[in-house]
Amino acid sequence: MDFEKKLGRLEEIVQKMEKGDLALEDSLKLFEEGVKLSRECHARLNEAETKVKLLMSVDANGNATTKDFTPEE
């Protein structure tokens, strides 16, 4: 599932839980799924931030530096 779909699913989970009309077991299942999705989204955002920092870096002479980016898995 890509980032946007994960984020959309996370938003659905929050909306369902905010209504407060779920059984405890259903709430716990959704909470567990939400935590997992949140962690995955957070990791993807950290990856993107690292890549942007690499792309924006310059050397002592002001020249753009290039490095291969390999996301941590």
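Scroll up to find the structure.
It should be emphasised that the depicted structure is a prediction, and the values quoted were computed from it without experimental measurement.

Enquirer: Sorry if this is basic, but what is going on with the pattern of salt bridges here?
Expert: Close approach of charged atoms lets side chains of opposite charge pair. Inspection of every chain in the model, using the stated rule, returns 7 salt bridges. Of the charged contacts in the structure, one is a salt bridge between Lys29 and Glu25, with a shortest N-O distance of 3.6 Å. On the criterion of helical spacing, the pair formed by Lys29 and Glu25 is a turn pair, its members being 4 residues apart in helix 2 (residues 24-56). When its relative accessible area of 55% is taken as the criterion, Glu25 is described as exposed. A salt bridge links Glu47 to Arg44; the nearest nitrogen and oxygen atoms lie 3.2 Å apart.

Enquirer: When you look at helix 1 (residues 3-19) in this model, what are you seeing that I'm missing?
Expert: Residues three or four positions apart in an α-helix share a direction because the helix packs 3.6 residues into each turn. Over its 17 residues, helix 1 runs 25 Å from end to end, which matches the ideal 24 Å to within 8%, given 1.5 Å per residue. Within helix 1, burial applies to Lys6, Arg9, Leu10 and Ile13. Projected down its long axis, helix 1 carries its buried residues within an arc of 105°, all on one side. For helix 1, the exposed residues set more than 90 degrees away from the buried face come down to Glu4, Gln15, Glu18 and Lys19. Following helix 1 by one or two positions, Gly20 has its phi on the positive side, about 75°.

Enquirer: What is the right way to look at a nonpolar patch on the surface in this model?
Expert: On the surface, Val52, Leu55 and Met56 cluster together into a nonpolar patch covering about 350 Å² of accessible area. Here Val52 is to be found in helix 2. The exposure class assigned to Val52 is partly exposed, which follows from its relative accessible area of 46%.

Enquirer: Sorry if this is basic, but what is going on with the packing of helix 1 against helix 2 here?
Expert: When two helices pack together, their arrangement is given by the angle between their axes and by how far apart the axes lie. Relative to each other, helix 1 and helix 2 sit at 145°, their axes nearing to 9 Å. The element helix 1 and its partner helix 2 pack so that their crossing is left-handed. On helix 2, the residues touching Phe3, Lys6, Leu7, Arg9, Leu10, Ile13, Lys16 and Met17 of helix 1 are Ser27, Leu30, Phe31, Glu33, Gly34, Leu37, Ser38, Glu40, Cys41, Arg44 and Leu45. In terms of residue class, the contact of helix 1 with helix 2 is built from 10 nonpolar, 3 polar and 6 charged.

The rules behind these values
- Residues numbered from 1 in each chain as written.
- Predicted model: local features only at pLDDT ≥ 70, side-chain atom pairs only at ≥ 80, totals over all residues.
- Heavy atoms only, no water.
- Salt bridge = Lys/Arg side-chain N within 4 Å of Asp/Glu carboxyl O.
- Helix = DSSP H or I, 4+ residues; strand = E, 2+ residues; numbered from the N terminus.
- Buried < 20%, exposed > 50% of the residue type's maximum accessible area, 1.4 Å probe, protein only.
- Expected span 1.5 Å × (residues − 1).
- Arc of directions from axis to C-beta.
- Patch = residues over 30% accessible without salt bridge, like charges linked within 9 Å, V, L, I, M, F, W, Y side chains within 5 Å.
- Areas by Shrake-Rupley, 256 points an atom, 1.4 Å probe, with all protein chains shown as cover.
- Axes fitted to C-alpha atoms, helices over the stretch in contact; angles between N-to-C directions.
- Left-handed = near helix turned anticlockwise from the far one by under 90°.
- Contact = heavy atoms within 4.5 Å.
- Nonpolar A, V, L, I, M, F, W, Y, C, P; charged D, E, K, R; others polar.

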